[in-house]
Amino acid sequence: MTTTEGFTLKSHFEGKDAAVRQIYDRILKSARKFGLVGEEPKKTSIHLVNRTAFAGVATRKSAIILTIKSDRKLSSPRIHKSEQTSASRFHHEVKLLSPADVDSELVKWLKDAYALSA
């Protein structure tokens, strides 16, 4: 799926540095190792979906703000914002500046989020 409510994947990368698309592609490639991943472009982000959304990708000029769903508060200096959205749900924001930022720690968080959204 490449379009939802008139928003497209392509529109999220227009006018952005090439690294932004490379980071996104690396996130997607990593997440697809867990199973099927849907991409749902929204107004301000792209939702990555298993049965429900497990991550949100907000593109910036030279970075990606990745929001990851979790069932607990994650503790890492990489997380610049955490929000408890319900008794057992948290959303954590990580700023990614290069494809190398999609490392084993981040992929583990994505895998846990993917499992939560099954």
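What comes next concerns the included structure. As the structure is a computational prediction, the values presented were derived from the model and not from experiment. (Residues numbered from 1 in each chain as written. Predicted model: local features only at pLDDT ≥ 70, side-chain atom pairs only at ≥ 80, totals over all residues. Heavy atoms only, no water.)

## Quick notes on the pattern of salt bridges
Part 1: Inspection of every chain in the model, using the stated rule, returns nine salt bridges.
Part 2: For Arg78, the salt bridge goes to Asp103, with nearest N and O atoms at 2.8 Å. One end of the pair, Arg78, is in the loop between β6 (64–70) and β7 (79–86); the other, Asp103, is in the loop between β8 (89–96) and α3 (104–116), with 25 residues separating them in the sequence.
Part 3: Among the ionic pairs, Glu105 bridges to Arg78, the shortest N-O distance being 2.8 Å. Taken together, the residues Glu105 in helix α3 and Arg78 in the loop between β6 and β7 connect sequence positions 27 residues apart.
Part 4: Judged by its relative accessible area of 33%, Glu105 is partly exposed.
Part 5: In this structure, a network of salt bridges that share partners links the residues Asp71, Arg72, Lys108 and Asp112. (Salt bridge = Lys/Arg side-chain N within 4 Å of Asp/Glu carboxyl O. Helix = DSSP H or I, 4+ residues; strand = E, 2+ residues; numbered from the N terminus. Buried < 20%, exposed > 50% of the residue type's maximum accessible area, 1.4 Å probe, protein only.)

## Section: the sheet that holds strand β3 (residues 38–41)
Part 1: On the basis of which strands lie adjacent, the open sheet formed by six strands has the order β3-β4-β5-β6-β8-β7 and antiparallel pairing. Edge positions in the sheet fall to β3 and β7, since each has one partner strand and no second. Neighbour-to-neighbour, the strand axes of this sheet turn through a mean angle of 20°, independent of strand direction.
Part 2: Here four bridges tie β3 to strand β4 (residues 46–49), and the two strands are oriented antiparallel to one another. (Pairing = 2+ DSSP bridges. Axes fitted to C-alpha atoms, helices over the stretch in contact; angles between N-to-C directions.)

## A word on α3
Part 1: Look at α3: 18 Å from first C-alpha to last across 13 residues, which is about the 18 Å you get at 1.5 Å a residue.
Part 2: Three or more residues of α3 are buried, namely Leu106, Trp109, Leu110, Ala113 and Tyr114. The buried side chains of α3 occupy one side of the element, clustering within an arc of 140° when seen end-on. Relative to its buried face, α3 has exposed residues pointing more than 90 degrees away, namely Ser104, Lys111 and Ala115.
Part 3: Summarising the contacts, the buried residues of α3 are in contact with α2 (18–31), β5 (53–59), β6, β7 and β8. (Expected span 1.5 Å × (residues − 1). Arc of directions from axis to C-beta. Contact = heavy atoms within 4.5 Å.)

## Details of the pairing of β3
Part 1: Of the two faces of β3, only the one carrying Glu39 and Pro41 is buried; Gly38 and Glu40 on the other face are not.
Part 2: Between β3 and β4, which pair antiparallel one after the other, the connecting turn spans four residues.

## Focus on the pairing of β8
Part 1: Bridging between β6 and β8 involves seven bridges; their strand directions are antiparallel. Along β8, the bridge assignment pairs Leu66 with Val94.
Part 2: For β7 and β8, the ladder comprises six bridges, and the chain directions are antiparallel. Each residue of the ladder has a partner; that of Ile79, found in β8, is Val94.
Part 3: Counting the residues that bridge the hairpin from β7 to β8 gives two residues.

Any functional reading would require information beyond the geometric quantities listed.
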